[in-house]
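Commentary on secondary and tertiary structure
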Number of protein chains: 2
Amino acid sequence: MTAAKHDVFQAIADPTRREVLRLLANNDLAISEITSHFSISRTAVAKHLHILSEANLVSGKKVGREKIYHLQPEPLTEVKQWLAYYEQFWNNKLSILKHVVENDNEGRFEDRKTDHLK
Amino acid sequence: MTAAKHDVFQAIADPTRREVLRLLANNDLAISEITSHFSISRTAVAKHLHILSEANLVSGKKVGREKIYHLQPEPLTEVKQWLAYYEQFWNNKLSILKHVVENDNEGRFEDRKTDHLK
DNA sequence: TTGACATGAAACCAAAAGGTGTTATATTAT
DNA sequence: ATAATATAACACCTTTTGGTTTCATGTCAA
């Protein structure tokens, strides 16, 4: 179920939201406390928190009249996994060959370079 | 210099652009070839490529009447570095303590929980 | 040289993003 | 009870996104 209107990739695309995550990495914070770190309105911050919440990157629970937000970094694993695919390309050039040799040795390496000509 | 109007985080926020990157991970491709993998117009794909290019995630060179795009994954290291900060929070709960003990043993752990009350 | 092909560029559009301000409601402190 | 606080819920606005269509330009093949 876990409301997924907003993708984790989209959630972290905004610099303000990334900064919010940084703040919450240190402490759980109420909306007003978070707002004090920015120059934008409290309402705007609340919207960012709502988006982060939809991506399950934060959770908020009401405590008295405050709503305390808490970091939930688990969805970031999706980004990490996505990134992992590309690491082979920048770690070192040999790793590309290594990947091909280990995962398919049916001549696909040749295909990789000529596919687009067909 | 490296034109930076578009952030790498924003560039990868769009699912279509992530799919384009996947295609280019296999082969260098011309715009039309990329377009054939989607249901959107060639112009729309060209715009996505432009955004990816601004984030330096791809480079394009003209070959005859075609423009061949090539994956440049290096900017993804920025995302990787950003993610690294949060890994301590999901790997396992003990790693938080481990981090604190290894990097500063001046009682900061206590501060982490009370900062927001000051 | 003429047509077909690949891209570039411009004008336009609807919807979403990122903001704002106002008003209403619940909670705490006096 | 009353005033102050913290947030929620709206209504509204402007800019950006992601897409379209149309037209122009450069290149290749006959």
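Source: prediction; values computed, not measured. (Residues numbered from 1 in each chain as written. Chains lettered and ligands numbered in written order. Predicted model: local features only at pLDDT ≥ 70, side-chain atom pairs only at ≥ 80, totals over all residues. Heavy atoms only, no water.)

A few words on the side chain of His48(B). Residue and element names in this part refer to chain B. Relative to the helices and strands, His48 resides in helix 4 (residues 42-54). A relative accessible area of 16% means that His48 is categorised as buried. At a separation of 3.1 Å, a polar atom in the side chain of His48 contacts the side chain of Arg17. Aside from chain neighbours lying at most four places away, what touches His48 is Asp14, Thr16, Arg17 and Ile40. (Helix = DSSP H or I, 4+ residues; strand = E, 2+ residues; numbered from the N terminus. Buried < 20%, exposed > 50% of the residue type's maximum accessible area, 1.4 Å probe, protein only. Polar contact = N/O pair within 3.5 Å; in protein donor to acceptor, adjacent residues only side chain to side chain. Contact = heavy atoms within 4.5 Å.)

Residues in contact with DNA strand C amount to 22 residues; listed here are only the nearest, Ser41(A), Lys47(A), His48(A), Ser32(B) and Arg42(B). Here a phosphate oxygen of DNA strand C and a side-chain polar atom of Ser41(A) are 2.5 Å apart. One of the side-chain N or O atoms of Arg42(B) is found 3.0 Å from a base nitrogen in DNA strand C. Residue assignment for the surface near DNA strand C shows that the elements contributing at least two residues are helix 2 (15-26) and helix 4 (42-54) of chain A together with helix 3 (31-35), helix 4 and strand 3 (66-71) of chain B. Looking at which element gives the most residues to the surface near DNA strand C, the answer is helix 4 of chain A, with four residues. (Near = heavy atom within 4 Å.)

This brings us to the packing of helix 2 of chain A against helix 5 (residues 76-91) of chain B. Relative to each other, helix 2 of chain A and helix 5 of chain B sit at 30°, their axes nearing to 11 Å. With respect to their mutual orientation, helix 2 of chain A and helix 5 of chain B come out roughly parallel. Between helix 2 of chain A and helix 5 of chain B lies a crossing of left-handed hand. Residues Arg18(A), Leu21(A), Arg22(A), Ala25(A) and Asn26(A) of helix 2 of chain A touch helix 5 of chain B, and the partners they reach there are Trp82(B), Tyr85(B), Tyr86(B) and Phe89(B). Within the contact of helix 2 of chain A with helix 5 of chain B, the residues separate by chemical class into six nonpolar, one polar and two charged. (Axes fitted to C-alpha atoms, helices over the stretch in contact; angles between N-to-C directions. Parallel < 35°, antiparallel > 145°, perpendicular 65-115°, else oblique. Left-handed = near helix turned anticlockwise from the far one by under 90°. Nonpolar A, V, L, I, M, F, W, Y, C, P; charged D, E, K, R; others polar.)

So, on to helix 4 of chain B. Residues and elements named next belong to chain B. The end-to-end C-alpha distance of helix 4, which contains 13 residues, comes to 18 Å, matching closely the 18 Å that a straight helix rising 1.5 Å per residue would cover. Listing the buried residues of helix 4 in full gives Val45, His48, Leu49, Ile51, Leu52 and Glu54. Of the surrounding elements, those touching the buried residues of helix 4 are helix 1 (8-11), helix 2 (15-26), helix 3, strand 2 (58-63) and strand 3. At the C-terminal side of helix 4, Asn56 shows a positive phi close to 60°. (Expected span 1.5 Å × (residues − 1).)

Before going further, it helps to examine the interface of chain B and chain A. Listed per partner, the contact involves 33 residues of chain B and 32 residues of chain A. Taken over both partners, the interface formed by chain B and chain A buries close to 3,100 Å², and the fraction arising from carbon and sulfur atoms is 62%. Applying the counting criterion to the chain B and chain A interface returns four salt bridges. Between Lys80(A) and Glu87(B) there is a salt bridge whose closest N-O contact spans 2.7 Å. Scanning the region where chain B abuts chain A turns up four residue pairs in polar contact (both at pLDDT 80 or more). Among the secondary structure elements, those contributing two or more residues to the side of chain B that touches chain A are helix 1, helix 2, helix 5 and helix 7 (108-114) of chain B. With eleven residues, the top contributor of residues to the side of chain B that touches chain A is helix 5 of chain B. Its residues assigned to classes, the side of chain B that touches chain A comprises 16 nonpolar, six polar and eleven charged. (Buried area = accessible area lost by both parts, 1.4 Å probe. Salt bridge = Lys/Arg side-chain N within 4 Å of Asp/Glu carboxyl O.)

Here we take up unusual backbone geometry. Residue and element names in this part refer to chain A. Of note in this structure, Asn56 is not a glycine but carries a positive phi near 60°. The topology assignment puts Asn56 in the loop between helix 4 and strand 2 (58-63). On the basis of relative accessible area, Asn56 is assigned to the partly exposed category, the value being 27%.

Aromatic ring pairs: the centre-centre distance and the angle between the two ring planes describe each pair. All names here are of chain A. The final tally for this structure, using the stated rule, is ten aromatic pairs over all chains. Plain terms: the ring middles of Phe9 and Trp82 are 5.5 Å apart, the flat faces sit at 75° to each other, and that makes the pair edge-to-face. Of this pair, Phe9 sits in helix 1 (residues 8-11) while Trp82 sits in helix 5 (residues 76-91), and the two are 73 residues apart along the sequence. By relative accessible area, Trp82 is classed as buried at 9%. (Phe/Tyr/Trp six-rings, centres within 6.5 Å; stacked < 30°, edge-to-face > 60°.)

Turning to the relation of the copies chain B and chain A, a few remarks are in order. One chain copy maps onto the other through a rotation about an axis and a shift parallel to that axis. Rotating chain B by 180° and moving it 0.0 Å along the rotation axis overlays it on chain A with an RMSD of 0.0 Å. Those values place the two copies in the arrangement expected of a two-fold rotation axis. Distance from the rotation axis, computed per C-alpha, reaches its smallest value in chain B at Ala13(B): 3.0 Å. (Least-squares fit on C-alpha atoms with pLDDT ≥ 70 in both.)

In short, the description is geometric, and any link to function would need to be established separately.
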